[in-house]
Amino acid sequence: MSSPVEAAIRGAVTKGIMGVAHFNRAHRKSSKQNPYLTGIHTPLTAEQTITDLKVTGTIPPALNGLYLRNGPNPFEAPNPATHHWFSGDGMLHGMRLQNGEALWYRNRWVRSTAINAALGEPATPGPKSSFESPNTNVVAFGGKIWALVEAGGLPVEVSDLLETRTRSDFEGLLSKGFAAHPHLDPLTGETHAICYNAMEPATIWHTVITADGAVRRHEPISVQDGPSIHDCMITKNYVIVMDLPVTFSMPALIAGDSFPYRWNPKHAARIGLLPREGRGDEIIWCSVEPCYIFHPANAFETDDGKVVMDACVHTDMFADGHFGPNTSSTAFESLEIDPVARRVTRTVIDASPQEFPRPDERRLGQPYRYAYTLALPAHGDPGFVGDPRLFKHDLGARTREVHDFGEGHMPGEFVFVPAHATAEEDEGWLIGYVADIARGTTDFVILDARNFAGPPVATITIPGRIPPGFHGNWVALP
Ligand SMILES: [Fe+2]
């Protein structure tokens, strides 16, 4: 900003735009039903703690800890015409296991100032934030558990009872927000993220947080058009930056869209390899056919200096409506990134639509063999999810196994938990929630990863519906 006068003018213009945007967000009308406020997605209206849980099978006694999953659940009913799945308040769903028993399930909203006020609670401490109820992920790093969102919202610390503790900007170092998908490097203990802020169209950041929870690096990288960069990946030498053609849309903001991002064919698709300790301008940009990636499974370097990243790749994104993600084709692909030719070569691993890929995260950034994904409905679904199957990819044998929960069941993302500290890759459990649509209940399911297609090891039934959400993680506790 070159002068205080210019800053004042820009501030007034921004205030005017935001005023129009807020008005339209509240008052725009639509004849279309919003699929993320109805049916299986209907938001819950209460918090519960349930200790009397029905268990079928045997909970592995070694699974001591807490499974937490985050997802959008608007506290106040939003305008259905402008509500986007990605913009609802965050609600955490937790399952606590100890010594082979299911101690409790509980759900809690991540407290925003508005939710605190509505519930008559003291305000959550910490700096103000553009989006105060992170709804996308919940991750333990730096010795604390954090609810996370992208595009500028601050991380919110929560307790192992799902209580909101504080918003944090990490001593001011992350004042422009953090990210929804930080990744712990199992070889260094540090956590890497690519961060962006909806109000900063020309800069993103590579952020590194130490095992002690301190921001060690916050390196700016120049971009154009305000790209939405949902996730990232690491390898031994690089951080992988996905600068793909979904960008901030001022017309969508002014029209009142609650997530103002759109497919932008004019934005060149590229994937960057940033040397892990390099300056932002040392990033090696490699061109790729236009596509969109929310989530890589993993990435690693090859002996000939290339980088391979496996990911769920969408043909496009936010091109056919403003309620949620596109329902058009998605495949599991391997992307070979060549830093010399500066080009990306895409190869389909599995053409079936699928999302939410997870590896055994002890292999993150390294050669690996197994990836676990959630099938998506073959011909799309207005509510995005709804296929009853999980996939397990053996990338060594080039095979795929299927776990089918059966018609009327709707799983979400499943997370791999190793059986013990020195377990081999794939030696452990896959855990996640599965909605039983007809009964209106939800199962917390534990699968043996090595008996993937077989019956669950244990099923814990929660007597209520948990709406589809985004990401979860296992937090080991005594
Ligand atoms: Fe995500």
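Here the structure is a predicted model, which means the values were calculated and not measured.

This paragraph deals with the overall build of the protein. Counting its regular elements, the protein contains three helices and 33 strands. Against the 2.2 N^0.38 benchmark of 23 Å for 478 residues, the protein shows a C-alpha radius of gyration of 21 Å, consistent with a compact globule. Projected onto its principal axes, the C-alpha positions of the protein cover 70 × 60 × 45 Å. Here the protein holds 478 residues, and 48% of them are scored as buried. Across the protein, contacts joining residues at least 24 apart in sequence account for 57% of those joining residues at least 6 apart.

The sheet built from four strands is open, its strands ordered E24-E25-E26-E27 with antiparallel pairing. At either end of the open sheet lies a strand with only one pairing partner, and these are strand E24 (354–359) and strand E27 (399–404). Taking each pair of neighbouring strands and ignoring which way they run, the sheet shows an average axis angle of 25°. Alignment of strand E25 (residues 370–375) against strand E26 (residues 389–394), held across five bridges, turns out to be antiparallel. Within the sheet, the bridge partner assigned to threonine 373 lies in E26 and is phenylalanine 391.

Turning our attention to the sheet that holds strand E12 (residues 203–209). Here we have four strands laid out as an open sheet, ordered E10-E11-E12-E13, and antiparallel in their pairing. With one partner strand each, in any of the chains shown, strand E10 (183–184) and strand E13 (215–222) form the two edges of the open sheet. Taken together, the two bridges between E10 and strand E11 (residues 191–196) define a ladder with antiparallel strand orientation. Considered in E11, the bridge of leucine 184 is made with threonine 191.

One broad rule of soluble globular proteins: the nonpolar side chains tend to lie buried together. One finds Leu148, Ile194, Ile240, Val241, Ile293, Leu430 and Ile431 to be the most contacted residues of the largest nonpolar core, which totals 121 residues. Among the elements that line this core, the one with the most residues is strand E30 (residues 428–436), at six residues. In contact with valine 241, other than residues within four places in its own chain, are Ile194, Ile221, Ile229, Cys232, Ile271, Gly272, Leu274 and Ile283.

As a further point, take the environment of alanine 252. Examined against the element boundaries, alanine 252 turns out to sit in helix H3 (residues 250–255). C-alpha of alanine 252 to C-alpha of alanine 21: the two residues are 231 residues apart in sequence and 8.7 Å apart in space. Those residues in contact with alanine 252 that sit more than four places away from it in its chain are Asp257, Pro260, Arg262 and His322.

Attention shifts here to the pairing of strand E18 (residues 270–275). Of all six residues making up E18, five are buried, and the element is well covered by its neighbours. Here E18 runs beside strand E19 (residues 284–287); their pairing, made up of four bridges, is antiparallel. Note that in E19 the partner of glycine 272 across the bridge is tryptophan 285.

This part covers the environment of phenylalanine 444. For phenylalanine 444, the location among the structural elements is in strand E31 (residues 441–448). Using a count of 26 C-beta atoms within 10 Å as the deciding quantity, one classes phenylalanine 444 as buried. Counting along the chain gives 17 residues from phenylalanine 444 to threonine 461, while the straight-line C-alpha distance between them is 6.3 Å. For phenylalanine 444, the residues in contact, after removing those within four places along its chain, are Met95, Tyr433, Ile460 and Ile462.

Here the phi dihedral of alanine 151 falls at roughly 75°; this positive angle occurs in a residue that is not glycine. Secondary-structure assignment places alanine 151 in the loop between strand E7 (144–148) and strand E8 (156–158). Taking the C-beta count within 10 Å as the criterion, alanine 151 has 27 such neighbours and is therefore assigned buried. Although it is not a glycine, phenylalanine 384 adopts a positive phi angle of roughly 75°. Locating phenylalanine 384 in the fold gives a position in the loop between E25 and E26.

Quick notes on the rules
- Residues numbered from 1 in each chain as written.
- Predicted model: local features only at pLDDT ≥ 70, side-chain atom pairs only at ≥ 80, totals over all residues.
- Helix = DSSP H or I, 4+ residues; strand = E, 2+ residues; numbered from the N terminus.
- Rg over C-alpha atoms; globule rule 2.2 N^0.38 Å.
- Buried ≥ 20, exposed ≤ 12 C-beta atoms within 10 Å, placed from the backbone.
- Contact = placed C-beta atoms within 7 Å.
- Pairing = 2+ DSSP bridges.
- Axes fitted to C-alpha atoms, helices over the stretch in contact; angles between N-to-C directions.
- Core = buried A, V, L, I, M, F, W, Y, C linked by C-beta atoms within 7 Å.

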